[in-house]
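One letter stands for each residue in the lines below.
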Amino acid sequence: MGSERRKLEEQRSATTSEGKDLRKRGQRRDLSGISGDEEHRRLSVLRDRGGLEVRNDKKEQSSCAKSALIMEKRRVAIWLVFFASMIMTKGMMRAERANKSASGGLFWSTAKEEGDLARKAEAEESTTVLNEMDEFDGGFSSLDGMLQWAIGHSDPAKLKETAENIQQLSPNELKSHQLEIKDLMERLKTPSDAQLMQIAINDLNDSSLTLEDHRHALQELLILVEPIDNSNDLHKLGGLSVIIRKLNNLDPEMRTTSAWILGKASQNNPIVQKQVLELGGLKKLMKMVKSSFLEEATKALYAVSALIRNNLDGQELFYAEAGDLMLQDILSNSSIDTVLRKKSVFLVADLVESQLETRNNAELPFFSNRFFLKSLVDLTASTDLDLQEKALIAIKNLLQLRTTEAIVFKQFCGLDGALERMRQQLQQLMAEENWRDYAVDLESLRREVELIFLGKLEKVPT
């Protein structure tokens, strides 16, 4: 593991300077399919792993290091141009010799001199060395990109003169320069996301590392699992089972970050949802929602929502583990932090919407529980407008269920009075320029809920 860290440190240093050099040239790795945002994410992981800290008193030293790396890269590129020029020149010389005739006409020679074969072997050897470097990932999309950049930043006359001089090098000198370029490219090569993920997972499995090292590994995975392809690789690399185990860690930060990773990886990803459910992650996350640490409870609820959204198997397991009671406890407890209550209301609205999309299935008794419904209506009196909006969305969905009764909303929950009080509040906010647009949108939603409620109430037999 020590050698991996040293190697990664060298790669991190080179990659940091490389990113700055790329921005100066305005070039991105188009052919490799890596976007600027993904490059920034990958660079941030490498900076974190190396413990990079940018300080003002080290700007001058950092600038020198960047300049040195840029010069190295330019030297690599120019040597590649020289080798390419040399190969092309030799090829042209062979073609000229092969196609000359006594009559001055052109024909293709079928005979090959031993010297030509020897030169061809030399050219193929050079090409082989270059081809071995095709996977170079140091700021250019390919060797072709590096060649184009070098040619565009070189003086044509000097380039031609130097290329001719290089042709005079001995085979040993030429081979030495080729190996030098290969070594430089290896040092500039950026690890893939899968490699970075594997290193972080290995760190989590290494009990000899410190708690801080384990926290750092989780932070790296938190960034790396954002792309869906990386999330799908997490289980293949053995990461999901490790992260789920960390939900039982004694350190709250470890548990919190682990839950956050599971939420990110599961978001709109049926493959990872299924894997986490099969590994028993949902039950542990639901237990964490009751944590006294707000951040842990919030991230755990976020992960629960991501796991069961648009996933009927996950929702079935959620209800089997008394998830409905968990939500009701959060919504009815005014002492619970607003952030956690917002996430709970949002989850309720999502679950009801899922129920509406599967009308053939029996509606859950939980959705028509009067105490549950009243806890939602009471949230419309909150001073937090975002919470009010989320509560209105949940109520709108609930009103569209067959089993919810309008009379319960009116007599037990007091929905009509709550909607009127909200209307008056929003009218006042519309008079304030900073709140006008938001208040107008919220009033439109409030009115929509009111119309659905009144329409359902009219159907109640008198």
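Residues numbered from 1 in each chain as written. Predicted model: local features only at pLDDT ≥ 70, side-chain atom pairs only at ≥ 80, totals over all residues. Heavy atoms only, no water.

If you tally the helices and strands in the chain, you get 23 helices and 0 strands. Residues classed as buried in the chain amount to 44% of the 462 residues present. A fraction of 74% describes how many contacts in the chain between residues 6 or more apart in sequence connect residues 24 or more apart. (Helix = DSSP H or I, 4+ residues; strand = E, 2+ residues; numbered from the N terminus. Buried < 20%, exposed > 50% of the residue type's maximum accessible area, 1.4 Å probe, protein only. Contact = heavy atoms within 4.5 Å.)

For the structure on display, the rule yields 4 aromatic pairs. Plain terms: the ring middles of Phe318 and Tyr319 are 5.6 Å apart, the flat faces sit at 65° to each other, and that makes the pair edge-to-face. Note on accessibility: Phe318 and Tyr319 belong to one class, buried. Taken together, the ring pairs connect Phe366, Phe367 and Phe372 into an aromatic cluster. One Lys or Arg, Lys299, reaches over the ring of Trp260 and ends 4.4 Å from the middle of that ring. Over the ring of Phe412 we find Arg370, and its NZ or CZ is 5.0 Å from the ring centre. (Phe/Tyr/Trp six-rings, centres within 6.5 Å; stacked < 30°, edge-to-face > 60°. Lys NZ or Arg CZ within 6 Å of the ring centre and 35° of its normal.)

Further remarks concern the pattern of salt bridges. Counted according to the given criterion, the structure contains 20 salt bridges. In this structure, the salt-bridge partner of Asp386 is Lys342, at a minimum N-O distance of 3.4 Å. Here Lys342 lies in helix H18 (residues 338-357) and Asp386 lies in helix H20 (residues 385-399), a separation of 44 residues in the sequence. Between Asp416 and Lys410 there is a salt bridge; the shortest N-O distance is 3.0 Å. Residue class for Asp416 comes out partly exposed when judged on its relative accessible area of 32%. A residue is classified by how much of its surface remains accessible, and Lys410, at 34% relative accessible area, is partly exposed. One salt-bridge network, in which partners are shared between bridges, spans Glu212, Arg215, Asp251 and Glu253. (Salt bridge = Lys/Arg side-chain N within 4 Å of Asp/Glu carboxyl O.)

Here H20 spans 21 Å end to end across 15 residues, near enough to the 21 Å set by a 1.5 Å rise per residue. Summarising burial for H20: 11 of the 15 residues are buried, a large majority. Listed in full, the buried residues belonging to H20 are Leu385, Leu387, Gln388, Ala391, Leu392, Ala394, Ile395, Lys396, Asn397, Leu398 and Leu399. Residues of H20 that are buried make contact with H18, helix H19 (370-378), helix H21 (406-412), helix H22 (415-430) and helix H23 (436-458). Capping the start of H20, Asp384 holds a side-chain oxygen 2.9 Å from the backbone nitrogen of Asp386, two or three residues further along. (Expected span 1.5 Å × (residues − 1). Polar contact = N/O pair within 3.5 Å; in protein donor to acceptor, adjacent residues only side chain to side chain.)

This brings us to the confidence of the model for the chain. Mean pLDDT over the chain works out to 77, with 65% of the residues at or above the 70 mark. The model gives residues 50-63 a pLDDT under 50, and that stretch makes 5 contacts with residues more than four places away or in other chains. (pLDDT = per-residue confidence, 0-100.)

For soluble globular proteins, nonpolar side chains are generally found buried alongside one another. Among the nonpolar cores identified, the biggest contains 82 residues, and Leu234, Phe318 and Leu376 are the most heavily contacted of them. Other than its neighbours up to four places away in sequence, Leu376 contacts Leu331, Val345, Val348, Ala391, Ala394, Ile395 and Leu398. (Core = buried A, V, L, I, M, F, W, Y, C linked by side-chain atoms within 4.5 Å.)

What follows is about unusual backbone geometry. Positive phi, close to 55°, is recorded for Asn268, a residue that is not glycine. Turning to its location among the elements, Asn268 is positioned in the loop between helix H12 (252-266) and helix H13 (270-278). Here Asn268 falls in the exposed class, since its relative accessible area comes to 54%. Phi at Ala322 takes a positive value of approximately 65°, unusual for a residue other than glycine. Its location among the elements puts Ala322 in the loop between helix H16 (312-320) and helix H17 (323-332).

Relative orientation of the contacting elements H17 and H19 amounts to 40°, with a least axis distance of 9 Å. With respect to each other, H17 and H19 are oriented oblique. For the pair H17 and H19, the crossing hand works out as left-handed. Contacts between H17 and H19 involve Gln328, Leu331 and Ser332 on the former and, on the latter, Phe371, Phe372, Ser375 and Leu376. (Axes fitted to C-alpha atoms, helices over the stretch in contact; angles between N-to-C directions. Parallel < 35°, antiparallel > 145°, perpendicular 65-115°, else oblique. Left-handed = near helix turned anticlockwise from the far one by under 90°.)

The next subject is the side chain of Thr404. You can see Thr404 is positioned in the loop between H20 and H21. Here Leu398 takes part through its backbone oxygen, which lies 2.7 Å from a polar atom of the side chain of Thr404. Beyond its immediate chain neighbours, meaning those up to four positions away, Thr404 contacts Phe367, Ser368, Leu398, Leu399, Phe409 and Lys456.

The subject of this paragraph is helix H11 (residues 239-246). Among the 8 residues in H11, 6 count as buried, and that is most of the element. Of all the positions in H11, only Gly239, Leu240, Val242, Ile243, Ile244 and Lys246 are classed as buried.

The subject of this paragraph is the packing of H17 against H18. Axis separation between H17 and H18 bottoms out at 9 Å; the angle between their running directions is 135°. By the angle between their directions, the pair H17 and H18 is classed as oblique. At the point where H17 passes H18, the crossing takes the left-handed sense. Here Leu327, Ile330 and Leu331 of H17 lie close against H18, whose contacting residues are Leu340, Arg341, Ser344, Val345, Leu347, Val348 and Leu351. The residue makeup of the contact of H17 with H18, split by class, is 8 nonpolar, 1 polar and 1 charged. (Nonpolar A, V, L, I, M, F, W, Y, C, P; charged D, E, K, R; others polar.)

With that out of the way, let us pick up the side chain of Arg255. Inspection of the secondary structure assignment puts Arg255 in helix H12. Given a relative accessible area of 13%, Arg255 falls into the buried group. Ignoring anything within four residues of it in the chain, the contact list for Arg255 reads Lys246, Leu247, Asn248, Asn249, Leu250, Met288, Phe293 and Glu296.

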